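Each chain, written out:
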Amino acid sequence: MTSITAFPDSNGYTQSFSIEETAELLKFFEEYGFVVVRNIIESESQIEETIDEIWSLLRVLNPKIDKYDSSTWDNKYWPIQMGLKDGGFISHMADVATKMCWENRQHPNVVRLFQILLKQDELWVKFDRYGMMRPTKGISFKQNETDGSIIVEDRPEWRSKPNWLHWDQNPWRYPDFIGIQGLLALSNTNSNTGGFHCVPGFTHRFKQWSIDNENKHKCRGGVVNVPEDDPIRNEIKQIHVRKGSFIVWDSRLPHGNFPNENDQFRIVQYITFEPPKEADNYELTHRINAFHMRMLSSEADEQLIGFPEPQLTELGEKIVGLRSWTTNERVKSDFE
C-alpha cells in the first residue's frame, strides 16, 4: 500500500533535518520543493505560551469562546467568517501586535532557515497569521454541570475544506521561482489531525503545467486552485511533523491543508520572509505603522488590554524594518 505520508521516518513523521544540516536540507528542498526542519523551536514553554496567546486572541474575537468548554467551539461562537472554518486560519489585527507571534518570527533558527533557503542574509518578515483547526471526532462535551458527566460526540460540520490544493503564485503571471512560504507547527500532526499536504517535486513541472493548461484554466487571481479533475491530485502527500518543527515550501508547489479527523486541535503559525525594500519609503512606513498598531489605534489597544507587547531583539528590528540591515542603525520614524 502506498503511504499517504511523504518520506516517512521510523516513527511515521515526514523525514526532517536539523538546522545545522545545511547542505542536506537545501538539497532536499531543491529536489522536492519543501523541507521539514525539526526542533526549530525547542522550548516547550514558548510553544505553550504561543498557544495560550492564540486562545486569548480568539476570546477577543468572541468572549464566549473557552479553551476548556467544547460547547463554545461551535459555529455560532467560532469566528468562521474570518477563515477559521474553511482554511483553518485566524485573521486578526493582533497578528502584528502581540508578544509571542514576534518571539517566534524573530527566533534565530527561524530567520536562519529562510536565509539558507533564499541564499541571502537580509530579509523582511511578512505579517502572516495563526492557524487552528478544531477537532471533529470524539469530542468530550459536558453533559451535567452538577455531577461532571460528559458525553462524547462528533462534529463533522467543524471540518475545514476537504481536498484543498492550490498555489499562492499564479503560474501564468509568475512561471518561475519568486519565493517560499512556511509554517511553524505548534502541535504534532498525523493522518488524523489535519495538517499540511502538497505534491512533492512539482516545482520542476510548474512552468510546463502553466503552458499545458493555459487555454482551459488561465486566470488572473493571486490564488489558483488546482482543478478538481487534474491528475496531479493523485500525487498528494501529507506532511506529518512534531510540534516545534518548521515546514517550508516553494510557492510553485501545489499545497493546502487536509481536514482534522481527530479529538485534538491542529495549531500552526504561518511565517514567511522576503528580500527587504529599505529604499521603498512607502513600504517601510507601512510596515513600521503596522507594527505600532496599538499606538496608532485606540480601539486596537483597548481590545488588547492585558496582552504583553512585543519585545524585539536587534534581529527582530531588522526583520520588521525598524533597523537597517545595511547600516545596522535604527530607522528614524514617528515612534522614535
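Residues numbered from 1 in each chain as written. Predicted model: local features only at pLDDT ≥ 70, side-chain atom pairs only at ≥ 80, totals over all residues. Heavy atoms only, no water.

The name given to the protein in an unreviewed UniProt entry is Phytanoyl-CoA dioxygenase family protein, with Rotaria socialis as the source organism.

Caption draft 1: Here's a closer look at the sheet that holds strand E1 (residues 34–37). Across the sheet, six strands lie side by side as E1-E12-E8-E14-E4-E2; this open sheet has antiparallel pairing. Looking at the sheet topology across the chains shown, the edges are occupied by E1 and strand E2 (89–90). Examined bridge by bridge, strand E8 (residues 180–185) and strand E14 (residues 266–270) share three bridges and lie antiparallel to one another. Each bridged residue has a counterpart across the sheet, and for Leu184 the counterpart in E14 is Gln269. (Pairing = 2+ DSSP bridges. Helix = DSSP H or I, 4+ residues; strand = E, 2+ residues; numbered from the N terminus.)

Caption draft 2: Molecular detail of the pattern of salt bridges. Applying the stated rule across the entire model yields 19 salt bridges. With its nearest N and O atoms 3.9 Å apart, the salt bridge here joins Arg112 to Asp121. The class of Asp121 is partly exposed, set by a relative accessible area of 47%. The salt bridge partner of Glu317 is Arg323, with a shortest N-O separation of 2.7 Å. According to the relative accessible area criterion, Glu317 is buried, its value standing at 11%. On the basis of relative accessible area, Arg323 is assigned to the buried category, the value being 15%. (Salt bridge = Lys/Arg side-chain N within 4 Å of Asp/Glu carboxyl O. Buried < 20%, exposed > 50% of the residue type's maximum accessible area, 1.4 Å probe, protein only.)

Caption draft 3: Structural context of the side chain of Thr98. Structurally, the position occupied by Thr98 is in the loop between E2 and helix H3 (99–105). Sequence-distant contacts of Thr98, defined by excluding residues within four places in its chain, comprise Glu53, Leu57, Leu304, Phe307, Pro308 and Pro310. (Contact = heavy atoms within 4.5 Å.)

Caption draft 4: Just the side chain of Ser245, in detail. With respect to the helices and strands, Ser245 occurs in the loop between strand E11 (237–239) and strand E12 (246–250). Here Arg242 takes part through its backbone oxygen, which lies 2.9 Å from a polar atom of the side chain of Ser245. Ignoring sequence-local partners within four residues, the contact set of Ser245 consists of Val36, Val37, Arg38, Asn39, Leu183, Leu184 and Ala185. (Polar contact = N/O pair within 3.5 Å; in protein donor to acceptor, adjacent residues only side chain to side chain.)

Caption draft 5: Region of interest: the environment of Lys67. You can see Lys67 is positioned in the loop between helix H2 (44–61) and E2. Look at Lys67 and you get partly exposed, because its relative accessible area is 28%. On a C-alpha basis, the gap between Lys67 and Ala300 in space is 23 Å, while along the polypeptide they are 233 residues apart. Ignoring anything within four residues of it in the chain, the contact list for Lys67 reads Asp52, Trp55 and Trp73. At 3.5 Å, the side chain of Lys67 forms a polar contact with the side chain of Asp52.

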